[in-house]
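# Results of the structural survey
Residue-level listing of the chains:
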Amino acid sequence: MMSQALDELARHALPGLAFTPGRHQLPAAQFHTDQADARLYLHGATVTDYQPAGQKPVLFTSRAAYFDGKKAIRGGIPVCFPWFSTHPTDPDAPAHGLVRTKPWQVTATTQTPQGPRLELATNLEHLHAAIHLTVGSALQLRFIASNKTTTPQRFELALHTYLCVGNIHQARITGLEHADYLDNLDHRARKTQDADPITFTSELDRVYLDTQQDVTLHDPTWNRRIVVQQTGAGSTVVWNPWIDKSKRMADLGDEEYEHFCCIETGCIADNAITLEPGQSHTVDLTLQTK
Ligand code: TA6
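First things first, this report covers the structure right here in the doc. (Residues numbered from 1 in each chain as written. Predicted model: local features only at pLDDT ≥ 70, side-chain atom pairs only at ≥ 80, totals over all residues. Heavy atoms only, no water.)

## Details of the environment of K102
Along the chain, the position of K102 falls in the loop between β5 (79-80) and β6 (105-112). Look at K102 and you get partly exposed, because its relative accessible area is 24%. Contacts of K102, omitting those with residues within four sequence positions, involve L42, H43, G44, T122, N123 and L124. A polar contact of 3.1 Å, which involves the side chain of K102, links it to the backbone oxygen of N123. (Helix = DSSP H or I, 4+ residues; strand = E, 2+ residues; numbered from the N terminus. Buried < 20%, exposed > 50% of the residue type's maximum accessible area, 1.4 Å probe, protein only. Contact = heavy atoms within 4.5 Å. Polar contact = N/O pair within 3.5 Å; in protein donor to acceptor, adjacent residues only side chain to side chain.)

## Examining the sheet that holds strand β8 (residues 127-135)
As summarised here, the arrangement of the nine strands in space is β6-β7-β8-β9-β23-β19-β18-β13-β16, forming an open sheet in which the pairing is antiparallel. The open sheet terminates on both sides in strands that have one partner only, identified here as β6 and β16 (198-199). Note that strand β18 (residues 215-219) and strand β19 (residues 224-231) share five bridges and pair antiparallel. By the bridge assignment for β19, V215 is matched with V228. (Pairing = 2+ DSSP bridges.)

## With respect to the site of the ligand
Taken together, R74, F84, A95, H96, R100, H160, D205, V237, W239, K245 and E264 form the complete shell of residues around the ligand. One of the side-chain nitrogen or oxygen atoms of R74 is found 2.9 Å away from an oxygen atom of the ligand. One of the side-chain N or O atoms of R100 is found 2.8 Å from an oxygen atom in the ligand. Against a free-state accessible area of 400 Å², the protein chains account for coverage of 81% of the ligand. Its atoms largely coinciding with the cavity grid, the ligand occupies the largest pocket. The residue makeup of the shell around the ligand, split by class, is four nonpolar, two polar and five charged. (Near = heavy atom within 4 Å. Areas by Shrake-Rupley, 256 points an atom, 1.4 Å probe, with all protein chains shown as cover. 1 Å grid on protein atoms, 1.4 Å probe; cavity = no way out; pocket = protein on both sides within 12 Å on 5 of 7 lines; lining within 4 Å. Sits in = over half its atoms within 2 Å of the grid points. Nonpolar A, V, L, I, M, F, W, Y, C, P; charged D, E, K, R; others polar.)

## A word on the layout of surface pockets
Taken as a whole, the largest pocket spans an internal volume of roughly 610 Å³. S85, A95, H96, R100 and H160 are, among the 31 residues lining the largest pocket, the residues nearest its centre. In terms of residue class, the lining of the largest pocket is built from 12 nonpolar, nine polar and 10 charged. One number sums up the size of the second largest pocket: a volume of about 220 Å³. P82, W83, H87, P88, L124, E125, H126, L127, Q153, R154, F155 and E156 together form the lining of the second largest pocket. When residues in the lining of the second largest pocket are grouped by element, the largest group, three residues, is from strand β10 (residues 153-155). Counted by class, the lining of the second largest pocket contains six nonpolar, three polar and three charged residues. (Points joined across faces, edges and corners; volume = space filled by probe spheres on them.)

## Thoughts on the pattern of salt bridges
As enumerated under the stated definition, the model contains nine salt bridges in all. One salt bridge in this structure joins D183 and K191, with 2.9 Å as the shortest N-O distance. On the accessibility criterion, D183 (10% relative accessible area) is buried. Note that D186 and K191 form a salt bridge whose closest N and O atoms lie 2.9 Å from each other. K191 sits in the partly exposed class, given a relative accessible area of 28%. Connected via shared salt-bridge partners are D183, D186 and K191. (Salt bridge = Lys/Arg side-chain N within 4 Å of Asp/Glu carboxyl O.)

Below, the structure written as structure tokens:
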């Protein structure tokens, strides 16, 4: 399905929500209210920017990110669905699923007490996906997967959030103590987090399982915390590529690893979801600074 043209999108505009050409003229939803600014590209329904009024940016997007309308955008909140990482059986399938490189359709916009809400959707062969993005003093993203078929459909999901930090070397993450995780740097070996906060001294790539509580990114350099709250998602991925992997990534500056950390919210591996015919599943993600 083609992207909607900007003149068609204009009918969805609201006070504080406009549709404009973004980087490389890709169509984008631009939020600008007294609470916050944000931007979402219809390509992949990728939120690339979120900045509460008077604060530093919350979401990181690489200065080298592709905006060609084909590749995934490196940063913000790419939507990894209906599988996470490599496809379970098809080695030729794209990493992280199909929808982060598809055009999504705007279906509605609404003013809410928290701020403007934008609703988008996209269709796959067996599954329908919808996103509701509300921009205010917190960023609220709702993801809804629905089974369009007459047979059970299994999916994985990751809202692959890139969070800005002043300095990764000083950052730490709390809220995952004692959780089991799959270590992607050790053949997905199952391990258990100790009682200490997560800190970064090298590449780190872990899928934490059965995680329900808030996860907090502590950023002493910028003197703030970012709290990641969710319902409906059992998994939390923590990732930083560090030095060597960053140098191998064409769409990430060599030094940019020092200024972001991924805390991803999803339904992965043991926490994957199987939808019965006609059934839906909702994941609610809230990002806010403290
Ligand atoms: O979520 C962590 C991860 O799976 C890492 O292994 C790394 O591959 C990252 O996602 C980025 O993947 P991408 O396909 O966007 O380059």
